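# A closer look at the structure
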Amino acid sequence: MLFSSTTFLFLFLPIVCALYLLVRKELKDYVLLLASIFFYAWGEPRYVAVMLLTVILNYVGAILISKYKCKKVLLLLTILGDLSFLFYFKYFNFFVENINALFDGHIDFIKVIMPIGISFYTFQAISYVVDVYREEVEPQRNIYKLALYITLFPQLVAGPIVKYHDVADQIENRTVDFEKVAYGVKRFIVGLAKKVLLANTLGAVADKVFTQPIDQLDCMTTWLGAICYTFQIYYDFSGYSDMAIGLGSIFGFKFLENFNYPYISRSITEYWRRWHISLGSWFRDYMFMPIMFLPLARNTAISRSYRWVMKKVGSKVANAIMTFIALLIVWFSTGFWHGAGWTFIVWGLYNGFFIFIETLTGWNRDRKSIGGKALQHFYAMLVIILGLVIFRSDTMQYAWHYLLTMFGIERGETMYHLIYYVDRIEIIALTVGIVCSAPLCSKMLEVEGRSQLRIAAVNLWLLALFILSAASIAASTYNPFIYFRF
Amino acid sequence: MKRIIKALFGGLGVSIVLCALFPSIFLKNDAKWTYQSDVGRVDVAFAGEVCDGKINVQGKTLRVDRPQWIHDDKHNQGVVVHFPVSYLRKTYQITLKPWGKTQETSLIMSFRGKDLRIQNQRKPAYVRFENIRLNGKAVAREKTVWHNKPFKYRLEKISDNSNVILSFDVRKPVSASDIRWDMVIGLFVLCSLFVFFSYGAIRGFVCSTIEWIGVMISDVGKFLKFHNWKILISVILTLLANILCIPLWTELDYADFIKTLFSKEAGLSLVYEDKTSGETPFQLQSTPQPLNDPSPFLIPATNPIKQIDLNFRARGKWQKLSLQLKSQRDGKIELRLRGPKIFDDYGCSYYSVLTDWRNLKVNGTVLFDANKTLSLKKCFSKQIPVKENETLHVEAEFRRHHFTTRDFAFLKSGNLWYFITGNLLLFFLLLRLFGAFAKRLGRPRLSDTLLLVTFFCCLFIPMMNLSDGVKSARENRMLAVKPEPREIFKKGFDYGKRYQNYFNDHFWGRLALIKLQDVIRNKLSYVIRVPRAVYFKESGWDFFVPFVSIMDCRPTTLQAIVQNLIQLDLFCRQNNIKLYVFEVPKKESIYKEFLSDKYGFDEKEFVKVSQAQEAIRREVWKHHIPYVYPYEELRDAAQQDLVFFKCAHHWTDWGAFVGYCELMKEVCKDFPDMPVVSLKDYRKSKNYLQRDEYQRNYFSSPRHFAQFFNDETLDITSPRTFYTYYDHKNGDKMSIKVGKFTKDFTYPEGKHKIMLIGTSQNENFLQFLPYSAAQTKYIRLNFGQVKTEDEFKILKLYKKDILAFKPDILILSIGAGHISRCRDICSTK
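Everything quoted here is computed from the prediction, not taken from an experiment.

All right, on to the packing of helix α19 (residues 452-476) of chain A against helix α13 (residues 510-524) of chain B then. The packing of two helices is summarised by the inter-axis angle and the distance between the axes. Running from N to C, α19 of chain A and α13 of chain B cross one another at 105°; their axes reach a closest spacing of 8 Å. Comparing their axes, α13 of chain B and α19 of chain A come out roughly perpendicular. Along its contact with α19 of chain A, which presents Ile467, Leu468, Ala470, Ala471, Ser472, Ala474 and Ala475 of chain A, the element α13 of chain B presents Arg510, Leu513, Ile514, Leu516, Gln517 and Ile520 of chain B. Taken together, the residues of the contact of α19 of chain A with α13 of chain B sort by class into ten nonpolar, two polar and one charged.

Dropping the structure here:
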């Protein structure tokens with residue numbers, strides 16, 4: 001079930017909200033858990049079992065980790081269990097494809113559809129057991145509450161990846177008050193409008209461009225497609241995050257922000273601090289930092305090698321090498337997490353490369369002059385847009401030719417005029433998208449210290465946005481069967 | 001132990017609730033539950049040799065009808081006896097007294113349920129008859145019947161004036177034997193286990209609910225103290241709930257009720273037979289003047305039944321209507337009094353808008369005088385024979401429908417007190433709910449409160465009234481069917497997806513939201529695009545995508561097309577038939593100028609495709625098969641008048657005539673005696689509507705433009721286009737027989753037999769071609785008679801028809817867009 005579907009919006013959400021807000025406090029968790037399982041089962045009931053197995057595995061794993069001394073082994077086993085589901089459903093066919101291609105093999109693919117949200121809830125589950133291992137939190141003794149954390153429907157499908165230590169208290173004890181519900185509704189409407197009105201409109205343009213054969217695209221069209229996709233992916237993802245945060249707020253949770261105007265960044269390092277913050281911080285907390293701390297461990301092969309390198313080349317270079325290795329692993333994993341394809345891996349490494357260069361050169365430091373700032377911003381946007389071309393392309397070959405066409409090195413002959421791709425409505429969406437990607441209306445939803453009139457005006461505007469979004473969703477259900485009779 | 005006992009009782013309770021909520025899962029035949037009838041009936045009719053027989057009926061709480069259909073040829077009256085049915089067994093004793101000039105004969109009794117129809121489909125409303133006795137003799141012990149599956153009994157040899165005493169018990173059909181006990185027991189066990197393990201949670205829920213109800217009741221006395229927004233919102237929501245419940249307590253559904261309430265029109269229709277599409281065969285005068293143009297729809301001459309609709313301004317007071325019809329020939333006119341014609345949102349059917357009529361007189365004869373409430377679905381019709389030059393006087397009175405308590409089913413079956421009590425209870429419940437919300441959520445801000453209330457109302461409203469529409473004419477498709485709950489674990493676990501499809505098609509307000517979206521989209525766009533067409537707002541032209549005729553220009557495909565045409569020709573030669581292939585050029589190629597400036601019409605692609613088409617034609621000609629492709633002629637003719645409709649892909653009458661002339665040039669080489677019509681033989685008229693098989697147009701209802709998109713808010717900036725229509729002056733001489741996907745024409749002045757096989761472009765072609773041939777048989781390939789992929793398998797599907805008709809000429813006439821499908825012509829798979 002998608003947040004922008006009619007069944008979610010006009011059936012599931014109102015019923016769950018009504019039940020949740022009306023039942024006694026003790027029952028709220030159960031209502032939410034049942035709703036989350038129902039939400040997941042609606043689309044693909046078969047994979048509920050996978051999700052519930054993940055819950056049981058981590059529940060048992062965390063309790064054992066807290067009880068026994070062989071914590072590391074138990075942690076590794078639990079994480080391996082979590083990742084095995086992810087590997088089987090998401091990456092198995094990718095490996096088979098590459099092994100077949102490399103060794104001219106004939107290993108059969110498995111017929112399996114990737115369960116929705118498996119990447120998100122697996123990472124959440126790993127976050128839980130690692131937090132227990134680090135003794136940052138107590139293991140959850142109530143399996144329902146752990147299931148609620150892992151399956152909580154607002155963030156189940158598209159994040160944000162909520163770390164256990166951030167919400168552990170809220171799962172045990174949270175309050176629902178008017179302010180939270182009102183804020184949640186407003187945030188949800190904003191997210192819905194982002195997704196439906198901006199992302200879908202711009203996505204249609206990007207899809208049209210990216211589905212054309214590369215020899216039928218010219219320079220202008222490729223730039224148009226890349227820019228539209230850049231804004232589509234932002235509004236799509238941040239819209240979902242807004243909806244998730246809004247729903248969380250309605251149910252009394254406070255999720256951390258996932259996006260912070262990433263397109264105002266002046267470096268890729270800053271961009272990744274503003275883009276998909278929950279994923280970035282997850283990799284930082286659970287992958288980058290542990291790798292960076294590996295040399296400090298006593299008497300391990302890595303620490304010995306590190307010390308040897310430090311003696312040979314000095315601590316600065318050794319640190320740079322360690323950072324490089326850590327970034328390589330993290331950005332490889334980041335790319336691979338996004339999808340089982342070489343384009344995603346290349347995109348991840350591409351980002352890691354620029355971050356490494358920026359760290360080395362100090363490019364990511366703030367400039368004082370306007371010209372310097374503008375140049376930094378131009379650089380960052382260019383790298384982001386080109387990176388997203390790789391991300392969007394089906395194959396590396398297509399991405400390569402697309403990039404060459406963007407810079408006029410290759411020239412295709414377009415079949416259509418620009419009006420085929422963008423009409424007035426798309427131009428409006430793109431303009432609004434560009435304007436709203438800057439923090440001009442960042443405090444729109446704040447109510448403290450605002451006049452009633454201003455709040456009322458914002459609320460009216462939000463209602464209008466909601467009705468427009470609902471109209472757009474309804475129009476997507478219009479499906480005329482052309483020409484023939486019934 | 002206590003917990004086990006509680007779990008068992010709890011499980012029982014939960015399973016009873018679930019059984020009541022989802023009965024279809026627990027019943028062997030869920031139709032018995034779904035369509036329950038409150039009325040049973042027995043049809044009694046004479047059988048055998050009788051004349052002027054009648055049946056009198058005596059009995060308590062019976063309603064007796066003598067409908068027209070039950071009369072046999074000799075004017076014997078049968079009766080239909082209706083009686084109430086409930087869950088409790090009711091015993092009826094009916095005395096039937098046949099009388100009149102009856103001879104010793106038989107009575108046939110059919111025990112059946114109510115004739116329940118939903119969306120014009122009869123539904124199985126079951127009734128169970130038990131202990132049926134006739135004159136004390138047992139006939140049947142137990143029979144469960146519905147309208148289409150009655151229990152029939154023939155009572156032999158009844159004599160005149162002898163009473164027949166029929167007795168039976170009757171009740172609604174569901175009994176213990178209908179229940180799937182395995183499911184019920186399974187559910188009971190599951191529920192008991194559930195209650196056992198979740199006892200604490202359930203107990204908490206039940207206690208809180210009871211506590212709530214208690215507090216709610218105690219608040220009744222205090223509610224006047226709440227002088228705040230809770231009362232206001234509760235009142236508003238109570239009213240809203242009343243409005244939403246209109247379908248429950250009126251005999252009309254919600255939309256019908258609202259439309260009737262605000263209706264300002266009344267209407268009547270005149271239906272007659274006419275084999276031309278020209279002038280009406282009578283002169284019409286009316287007082288008051290009708291609101292609309294009293295001319296028939298633009299229906300092609302191939303449809304002999306014509307209709308004129310007259311709409312009048314209706315007021316609250318009775319108004320007199322006077323109609324004078326002077327007929328110009330003998331015939332019959334059917335007069336239909338009705339409500340106004342307002343299409344539903346799906347364009348499939350009309351709203352049942354009520355209008356009151358009384359004192360209907362035709363030539364002074366009173367047809368009815370009492371007040372009748374009529375609508376399109378329940379109209380009064382009367383067929384009146386007329387002679388040449390005879391004037392028919394029709395008088396009647398009409399007014400806007402006045403609602404009375406009779407219209408409200410709830411008030412009729414219950415009483416006003418229930419209604420008031422229900423509303424009060426609802427009000428207090430809402431008040432309590434908002435009180436609870438307020439307590440839980442703290443002190444709210446007014447504008448945020450309004451936002452939340454509006455938002456949640458908006459979320460709840462669409463699920464309140466899911467439409468029961470079956471098809472959508474505007475979308476030209478069947479709407480998704482509601483999946484049964486028992487299918488949750490069937491069919492690949494796609495219940496959610498199928499329910500989503502159903503919900504997408506049926507949620508309340510869907511069409512209003514789509515309309516809103518379209519208004520915005522159309523206002524903001526230069527070009528309106530849909531997957532299969534583009535519409536240019538400035539010029540008013542729309543074109544089909546892809547713009548070129550064939551996308552697959554590979555030599556193998558072209559060769560396959562040619563081979564199939566050659567094989568078809570071979571078949572024709574073997575059967576002494578002359579084959580002509582006629583290709584109607586694509587609109588996009590004739591009017592490519594309108595595309596090239598605006599929308600990247602690919603000239604290269606067009607040239608490539610044209611060359612491929614040319615290659616096909618050349619190959620076919622090499623085998624001496626005449627192939628007509630009037631491209632240049634249509635391009636020239638387009639300078640004089642429109643050869644294609646601007647908003648459809650079909651050609652106009654003028655375009656079809658140009659094509660006809662080119663075809664006849666070829667035909668006359670082989671059949672020189674074949675008469676060719678000229679435009680002098682035709683009456684010209686102008687109309688802005690588009691004549692084709694759907695009466696499709698963008699400017700008046702019904703809007704069937706399935707080819708285009710979902711909108712009746714087209715922002716047309718160009719002036720309305722008028723097209724020229726040609727109707728043959730001798731239309732009366734043409735005899736037409738219309739089949740499902742065939743049409744047979746017989747014209748005495750024509751020669752030879754022509755069989756025309758092709759696609760929808762031929763509909764306008766038929767204004768000309770049948771006037772050349774003595775007999776013409778038209779087979780429409782794409783009429784939905786077979787699967788889309790099989791449509792062009794002509795020899796497989798229509799070989800028998802061709803051989804049976806034995807035409808002299810076979811014309812294969814297809815649009816250029818379908819030319820690549822000719823590779824299936826001789827396919828036998």
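All names here are of chain B. As defined by bridge partners, strand β18 (residues 355-362) adjoins strand β19 (residues 365-368) across three bridges and the pair is classed as antiparallel. Paired with Val362 across the two strands is Thr365, which belongs to β19. What sits between β18 and β19 in their antiparallel hairpin is a turn of two residues, with Asn363 showing a positive phi close to 50°.

What follows is about the nonpolar core. Phe8, Phe153, Phe251 and Tyr263 of chain A are the most contacted members of the largest nonpolar core, which totals 172 residues. Residue contributions to this core peak at 17 residues, all from helix α8 (residues 178-210) of chain A. Counting residues in each nonpolar core, the second largest holds 86 residues, with Ile566, Met674, Tyr682 and Ile779 of chain B among its members.

With that settled, the discussion passes to the pairing of strand β34 (residues 753-758) of chain B. All names here are of chain B. Counting buried residues in β34 gives five out of six residues, a clear majority hidden from the surface. Relative to strand β36 (residues 809-815), β34 runs parallel, the two sharing five bridges. Bridge pairing in β36 places Ile757 opposite Leu812.

Further remarks concern the side chain of Gln140 of chain A. Residues and elements named next belong to chain A. Mapped onto the secondary structure, Gln140 falls in the loop between α5 (118-133) and α6 (143-151). A polar atom in the side chain of Gln140 sits 3.2 Å from the backbone nitrogen of Asn142. Only 2.8 Å separates the side chain of Gln140 from the side chain of Glu172, close enough to count as a polar contact. Each residue touching Gln140, except ones within four places of it in the same chain, is listed here: Tyr59, Ile63, Tyr128, Lys145, Leu146, Tyr164, Ile171 and Glu172.

With that settled, consider α8 of chain A. Residues and elements named next belong to chain A. If you check α8, its first and last C-alpha atoms are 45 Å apart, about what 33 residues at 1.5 Å a residue would give, namely 48 Å. Ala199 marks where α8 bends most, by close to 35°. When you tally the buried positions in α8, you get 25 out of 33 residues, the bulk of the element.

Here we come to the sheet that holds strand β15 (residues 305-313) of chain B. Paired through backbone hydrogen bonds, the strands of a sheet run either parallel or antiparallel to each other. Residues and elements named next belong to chain B. Taken in spatial order, the four strands of this open sheet run β15-β13-β17-β21, and their pairing is antiparallel. Edge positions in the open sheet fall to β15 and β21 (380-386), since each of these has one partner strand only. Pairwise comparison of adjacent strand axes, ignoring direction, gives a mean angle of 20° for this sheet. Both strand β13 (residues 265-273) and strand β17 (residues 331-338) contribute to a ladder of five bridges, which runs antiparallel. Paired with Ser269 across the bridge in β17 is Arg336.

Parts of the prediction with low pLDDT should not have their coordinates interpreted in detail. Residues and elements named next belong to chain B. Looking at chain B, the pLDDT average stands at 77 and 76% of residues meet or exceed 70. Contacts from residues 223-227, a stretch scored under 50 in pLDDT, to residues over four places away or in other chains number five contacts. Throughout residues 693-717 the model reports pLDDT below 50, and contacts reaching past four residues in sequence, or to other chains, amount to 94 contacts.

Once that is clear, we can look at the packing of aromatic side chains. Residue and element names in this part refer to chain B. The full count for this structure, using the stated rule, is 95 aromatic pairs over all chains. With 6.2 Å between their ring centres and 80° between their planes, Tyr682 and Tyr771 make a pair best called edge-to-face. Taken together, the residues Tyr682 in strand β30 (residues 682-687) and Tyr771 in the loop between α20 (762-765) and β35 (775-780) connect sequence positions 89 residues apart. In this structure, Tyr682 and Tyr771 share a single accessibility class: buried. Its guanidinium or amino end placed over the ring of Tyr580, Lys578 lies 6.0 Å from that ring's centre, counting from NZ or CZ. The aromatic ring of Phe805 is capped on one face by Lys753, whose charged end is 4.9 Å from the ring centroid.

Definitions and limits used
- Residues numbered from 1 in each chain as written.
- Chains lettered and ligands numbered in written order.
- Predicted model: local features only at pLDDT ≥ 70, side-chain atom pairs only at ≥ 80, totals over all residues.
- Heavy atoms only, no water.
- Axes fitted to C-alpha atoms, helices over the stretch in contact; angles between N-to-C directions.
- Helix = DSSP H or I, 4+ residues; strand = E, 2+ residues; numbered from the N terminus.
- Parallel < 35°, antiparallel > 145°, perpendicular 65-115°, else oblique.
- Contact = heavy atoms within 4.5 Å.
- Nonpolar A, V, L, I, M, F, W, Y, C, P; charged D, E, K, R; others polar.
- Pairing = 2+ DSSP bridges.
- Core = buried A, V, L, I, M, F, W, Y, C linked by side-chain atoms within 4.5 Å.
- Buried < 20%, exposed > 50% of the residue type's maximum accessible area, 1.4 Å probe, protein only.
- Polar contact = N/O pair within 3.5 Å; in protein donor to acceptor, adjacent residues only side chain to side chain.
- Expected span 1.5 Å × (residues − 1).
- Bend = angle between axes of the 7 residues up to and from the residue.
- pLDDT = per-residue confidence, 0-100.
- Phe/Tyr/Trp six-rings, centres within 6.5 Å; stacked < 30°, edge-to-face > 60°.
- Lys NZ or Arg CZ within 6 Å of the ring centre and 35° of its normal.

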